[in-house]
Every structure is written in structure tokens, then in C-alpha cells.
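Summary of the model geometry
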Amino acid sequence: MRPLRYSINVSLDGCVGHDAFRPSAATHEHAAATIARADALLFGRVTYQLMEFWRDPSVAAEPFAQVIGAARKYVVSSTLGDVDWNAELVRPEELEATVRRLKEEPGEGLYTGGVQLPLALADLGLIDEYEFVVHPTLAGRGPTLFAGLREQLDLELVGRQELDGGVVASTYAPRR
């Protein structure tokens, strides 16, 4: 069974807004390596549209752009009519069945990011690893993670990596 891994950048005060950080080469390399170990990416509409930035020819030579561009993508949305960029559209009512099917396929794993989709996946008990890439920043604003989670989810630390500039990537697995 392929694990579903979640990774997100977060400030010390819990902000996960994509514009709250100043990513370094090391954080981009870490993100590219995280995505490269996935057989497919699972994004909500907002994250998919944010990631489309990496399609721009001005950044196409960046390793992260190359990895994400080549990756198979599944985009969960009720509002998009179609998707491209090596992507397949998944309707919200198909989410659980689609993810369970993808997890049953052979391979190294699946990856997701963002805020709203991971909340739904956590509520369904489908995320196998949570990685929080914590930046030494106080943003003083939101959005934050997992607001509205139906039940508390206890995690155990399974990995930790220090990046440059005081950034720490900690990986957790749900306690079963």
C-alpha cells in the first residue's frame, strides 16, 4: 500500500500562508525531494492553481519546477471544469474512493499539500505521514492548519531534519 504523505510550510505562530516565508535554496531542494519521492500529487483547486506558477518558462529550469511539472497530479475540485499539466480532475464526492484506490496501487507513495484538502483527508484517516516544515517566522496572521478537525489526532515523531536558516522539517505518523 502506498502511503499518503502531507507536507506544509508553517510559521512558529501557525501561519501556513504561502507568502509568509522567504524560501531558501535548501527549502526548495527539500520540497523537490519530497515531491520526487511521490508517484502522484493530490491537490485541491487552490494549491493546484498556486503551483501552476512553476509552469512559467522563467522558472522552468528550477529543479522544483522540473519535478512538479513531470509529476502525475490529481486535482480535487467542484468548480474547475477541466485540468491539464499532467492532471486528472477528481470531484469531492469521489475523494475517499479515489484516494483509497490510489493508495492500493503499487509504488512509493502519494503526496498532498495545502490546507482544505488535507483537513478532509485527515478527517477520513487517509494521511499516513505529516511533515511540518517550521520556519523561524512570526507571521501574526492566518491561515492556520486543521481548523475544524472532527477529532483530535495524536501523532508521534518519526523524523526530523534541520535545514538552513533555522528551518526544521519534522515528520509525524498517526498513533494507531
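Everything quoted here is computed from the prediction, not taken from an experiment. (Residues numbered from 1 in each chain as written. Predicted model: local features only at pLDDT ≥ 70, side-chain atom pairs only at ≥ 80, totals over all residues. Heavy atoms only, no water.)

**Some remarks on the overall build of the protein**
Within the protein one finds 5 helices and 8 strands. Helices and strands appear in the protein in the N-to-C order β-α-β-α-α-β-β-α-β-α-β-β-β. Relative to the globule expectation of 16 Å for 176 residues, the C-alpha radius of gyration of the protein, 16 Å, shows essentially globular dimensions. Based on the C-alpha atoms only, the size of the protein along its principal axes is roughly 45 × 40 × 30 Å. Split into buried and exposed, the 176 residues of the protein put 44% on the buried side. (Helix = DSSP H or I, 4+ residues; strand = E, 2+ residues; numbered from the N terminus. Rg over C-alpha atoms; globule rule 2.2 N^0.38 Å. Buried < 20%, exposed > 50% of the residue type's maximum accessible area, 1.4 Å probe, protein only.)

**Topic: the pairing of strand E1 (residues 4–11)**
Taken across its 8 residues, E1 has 7 buried, putting it largely inside the fold. Pairing geometry for E1 and strand E5 (residues 110–112), over 3 bridges, is parallel. Residue pairing in the sheet places Tyr-6 in a bridge with Thr-112 of E5. (Pairing = 2+ DSSP bridges.)

**Side note on the environment of Met-1**
With respect to the helices and strands, Met-1 occurs in the segment before E1. Here Met-1 is in contact with Lys-103 and Glu-104, once residues within four sequence places are set aside. (Contact = heavy atoms within 4.5 Å.)

**Describing helix H4 (residues 95–104)**
In an α-helix, one turn spans 3.6 residues, which is why side chains three or four residues apart end up on the same side. Leu-95, Thr-98, Val-99, Leu-102 and Lys-103 are the residues of H4 that are buried. Down the axis, H4 shows its buried residues gathered within 130 degrees of arc, on one side only. In H4, the exposed residues that point more than 90 degrees away from the buried face are Ala-97 and Glu-104. On its buried face, H4 sits against E1, strand E2 (40–44), strand E3 (72–76), strand E4 (87–90), E5 and helix H5 (116–123). (Arc of directions from axis to C-beta.)

**Quick look at helix H1 (residues 25–36)**
In this model H1 runs 16 Å from its N-terminal to its C-terminal C-alpha over 12 residues, within 8% of the 16 Å that 1.5 Å per residue would give. Buried within H1 are the following residues: Thr-27, His-30, Ala-32, Thr-34 and Ile-35. (Expected span 1.5 Å × (residues − 1).)

**Considerations on the sheet that holds strand E6 (residues 129–135)**
With respect to topology, 8 strands assemble into an open sheet ordered E4-E3-E2-E5-E1-E6-E8-E7, the strand pairing being mixed. Looking at strand neighbours, the two that pair on one side only are E4 and strand E7 (155–162), the edges of this open sheet. Each neighbouring strand pair of the sheet contributes to a mean axis angle of 25 degrees, computed without reference to strand direction. Each of E1, E2, E5, E6, E7 and strand E8 (168–174) touches H1; the most contacted strand, E6, lies at about 170 degrees to it. (Axes fitted to C-alpha atoms, helices over the stretch in contact; angles between N-to-C directions.)

**Details of the side chain of Arg-2**
As for its position among the elements, Arg-2 is in the segment before E1. The exposure class of Arg-2 is buried, given its relative accessible area of 5%. Only 3.3 Å separates the side chain of Arg-2 from the side chain of Asp-39, close enough to count as a polar contact. Within the local environment of Arg-2, its side chain forms a polar contact with the backbone oxygen of Leu-102, the two atoms lying 2.8 Å apart. Sequence-distant contacts of Arg-2, defined by excluding residues within four places in its chain, comprise Asp-39, Leu-102, Lys-103, Glu-105, Pro-106, Gly-107, Glu-108, Gly-109, Leu-110 and Asp-128. (Polar contact = N/O pair within 3.5 Å; in protein donor to acceptor, adjacent residues only side chain to side chain.)

**Description of the layout of surface pockets**
Here the largest pocket defines a volume of roughly 1,100 Å³. For the largest pocket, the lining is made up of 41 residues, of which His-18, Thr-47, Leu-50, Met-51 and Gly-114 are closest to its centre. The set of elements that each furnish at least two residues to the lining of the largest pocket consists of E1, H1, helix H2 (45–51), H5 and E6. Counting residues per element, the lining of the largest pocket draws most heavily on H1, at 6 residues. Broken down by class, the residue content of the lining of the largest pocket amounts to 21 nonpolar, 17 polar and 3 charged. (1 Å grid on protein atoms, 1.4 Å probe; cavity = no way out; pocket = protein on both sides within 12 Å on 5 of 7 lines; lining within 4 Å. Points joined across faces, edges and corners; volume = space filled by probe spheres on them. Nonpolar A, V, L, I, M, F, W, Y, C, P; charged D, E, K, R; others polar.)

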